[in-house]
Amino acid sequence: MAEDRGGAREAGGGRTRRVVVVGAGIAGLATALRLRRDGWDVLVVERAPGRRSGGYMVNLLGRGYDAAERLGVLPALAEADLGWFTSILVRADGSRKFTVPPAIARAAIGGRALTVFRGDLESALFEAVRGRVAFRFGTTVRGVDQDLDGVDVELSDGTRERADLLVGADGLHSGVRATVFGPERDVRVDMRHMVGAFPLARTPEDVPEGAGTTFIGPGRTAAVVNLGPGRSSVFFAYRCADPEAELARGPVDALTTAFGDLGGGVPDGLRALAGAPEAAYFDSVSQVAMEEWSRGRVVLVGDAAWCVTLFAGYGAALALDGADRLGDALGERGADVRAALADWEAGLRPEVDRRQALARKGMAQFVPPGRAHVWARDLVMRAVLLPGVRGLVVRSIRRANRSPADR
């Protein structure tokens with residue numbers, strides 16, 4: 001793709017500001033889209049040889065939904081929306097415990113919400129910047145030097161780029177973060193859990209269409225969603241003492257060992273995984289805890305800065321909102337990049353801290369530590385089906401999905 005050097009000029013007839021964005025995932029593409037719209041000259045650098053697709057389901061609600069609307073990608077996402085579906089809690093053999101109708105989630109979350117595959121969200125963002133920004137795939141950052149006026153980025157293709165801003169949006173295992181802020185071990189907090197998620201090309205057996213089955217047992221959870229061909233997916237989460245050893249085993253061996261005894265739609269999911277392991281997201285569950293998200297003219301966005309984990313259910317929303325707010329801050333501060341980054345972090349950090357705390361608290365709900373916890377969770381879920389209790393739960397969920405500033 002040819003590099004786009006067009007765009008608006010800075011106020012007063014100055015030169016076009018330039019940004020190098022590292023990472024072509026949700027956070028990176030959203031940042032590229034927002035800053036290009038604001039007149040920045042944008043180069044996106046991605047280590048993968050090409051665009052990725054698929055991935056797990058992500059929810060966009062609250063400020064994430066608002067950011068998608070402001071970024072102009074809501075119409076494309078609406079076409080990919082997976083919609084509401086029935087939740088069926090099952091036993092280990094796949095037999096039904098009880099059913100939670102979609103009306104409960106719809107009432108709690110409201111109309112301004114979408115559920116899409118991660119790949120569909122990335123595609124919507126990519127199409128919005130196609131032909132407007134430059135991309136270099138199969139490329140990584142090898143060195144970063146900066147001064148008061150800009151930042152020099154040395155790339156693995158042998159080139160050196162001068163920019164006003166470097167954005168590290170390259171995920172949990174960020175190379176930009178390691179280069180500029182220090183090693184991953186200093187900021188990554190291991191939660192001693194593993195997750196695996198992948199889409200299904202074929203509809204799973206033993207799961208009714210328009211529904212998802214969820215098994216929740218001591219130390220593990222398995223969910224299989226059947227929304228038709230190409231719209232179905234599997235999600236696994238489990239506790240483990242040695243995440244590094246699990247990663248070394250790979251998704252097929254590790255997930256089959258952890259979930260191979262389950263019935264229902266799980267066997268279909270594991271067979272699909274064995275046939276296409278490259279389509280799976282499989283990683284240890286970690287959060288990133290940093291005292292600062294920027295250093296000079298280098299800033300981290302998304303999981304590279306604040307990974308909240310899949311247990312928070314808000315990672316994609318935070319990536320979109322963070323990118324959009326970054327554009328706001330840079331626009332308000334003009335040439336004072338450092339002040340803009342400080343303002344941006346001060347405004348966003350309370351929400352990130354809250355979501356990380358909710359994820360830590362909610363891990364026991366996703367992966368209960370013992371049978372008593374499973375029993376208690378089932379009791380709560382059954383209570384939700386009672387009309388009197390349902391209203392209390394709906395109001396509680398609505399409060400949780402609003403930021404403190406919106407309350």
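Look up a bit, the structure's there.
Since this is a predicted model, take the numbers as computed values, not measurements.

Draft legend 1. Structural detail: the pairing of strand β11 (residues 165–168). Of the two faces of β11, the one lined by Leu165 and Val167 and the one lined by Leu166 and Gly168 are each fully buried. As judged from the 4 bridges shared by strand β1 (residues 18–22) and β11, these two strands associate in the parallel manner. Across the sheet, residue Val19 finds its bridge partner in β11, namely Leu165. As paired elements, β11 and strand β18 (residues 298–300) share 3 bridges and run parallel to each other. By the bridge assignment for β18, Val167 is matched with Val299.

Draft legend 2. Focus on the nonpolar core. Among the nonpolar cores identified, the biggest contains 95 residues, and Leu121, Leu165, Trp306 and Leu320 are the most heavily contacted of them. With 9 residues, the single largest contributor to this core is helix α11 (residues 315–333). Once residues lying within four places of it in the same chain are set aside, the contact partners of Leu320 are Ile26, Ala30, Leu60, Gly64, Ala67, Ala68, Leu71, Leu121 and Leu125.

Draft legend 3. Representation of the sheet that holds strand β7 (residues 134–137) in the model. Strand order in this open sheet of 6 strands is β7-β2-β1-β11-β18-β17, and the pairing throughout is mixed. Both outer strands of the open sheet, β7 and β17 (294–295), are each paired with one neighbouring strand and no more. Bridge count for strand β2 (residues 41–46) against β7 is 4 bridges, and the pairing is parallel. Considered in β7, the bridge of Val45 is made with Arg136. On the sheet, helix α1 (residues 26–37) packs against β1, β2, β7 and β11 and is oriented at approximately 170° with respect to β2. Contacts from helix α12 (residues 337–366) reach β11, β17 and β18 within the one sheet, and its direction differs from that of β18 by about 15°.

Draft legend 4. Representation of the sheet that holds strand β12 (residues 188–200) within the structure. In spatial order, the strands read β5-β4-β13-β14-β15-β12-β16; together these 7 strands make up an open sheet with mixed pairing. Both edges of this open sheet fall to β5 (96–100) and β16 (281–288), since each of them pairs with a single strand only. Direction aside, the axes of adjacent strands within the sheet are offset by 20° on average. Examined bridge by bridge, strand β4 (residues 86–90) and β5 share 4 bridges and lie antiparallel to one another. Across the sheet, residue Val90 finds its bridge partner in β5, namely Arg96. Contacts from helix α8 (residues 251–259) reach β12, β14 (220–226), β15 (232–239) and β16, with the element oriented near 75° to β15. Docked against the sheet, α12 engages β12, β13 (211–217), β14 and β16, running at close to 135° with respect to β16.

Draft legend 5. Fine view of the pattern of salt bridges. Under the defined criterion, the tally for this structure stands at 31 salt bridges. Put simply, Glu184 and Arg188 hold a salt bridge, and the shortest N to O gap is 2.6 Å. If you follow the salt bridges from partner to partner, you end up with Arg34, Asp38, Arg70, Asp321, Asp324, Arg325 and Asp328 in one network.

About the cut-offs
Residues numbered from 1 in each chain as written. Predicted model: local features only at pLDDT ≥ 70, side-chain atom pairs only at ≥ 80, totals over all residues. Heavy atoms only, no water. Buried < 20%, exposed > 50% of the residue type's maximum accessible area, 1.4 Å probe, protein only. Helix = DSSP H or I, 4+ residues; strand = E, 2+ residues; numbered from the N terminus. Pairing = 2+ DSSP bridges. Core = buried A, V, L, I, M, F, W, Y, C linked by side-chain atoms within 4.5 Å. Contact = heavy atoms within 4.5 Å. Axes fitted to C-alpha atoms, helices over the stretch in contact; angles between N-to-C directions. Salt bridge = Lys/Arg side-chain N within 4 Å of Asp/Glu carboxyl O.

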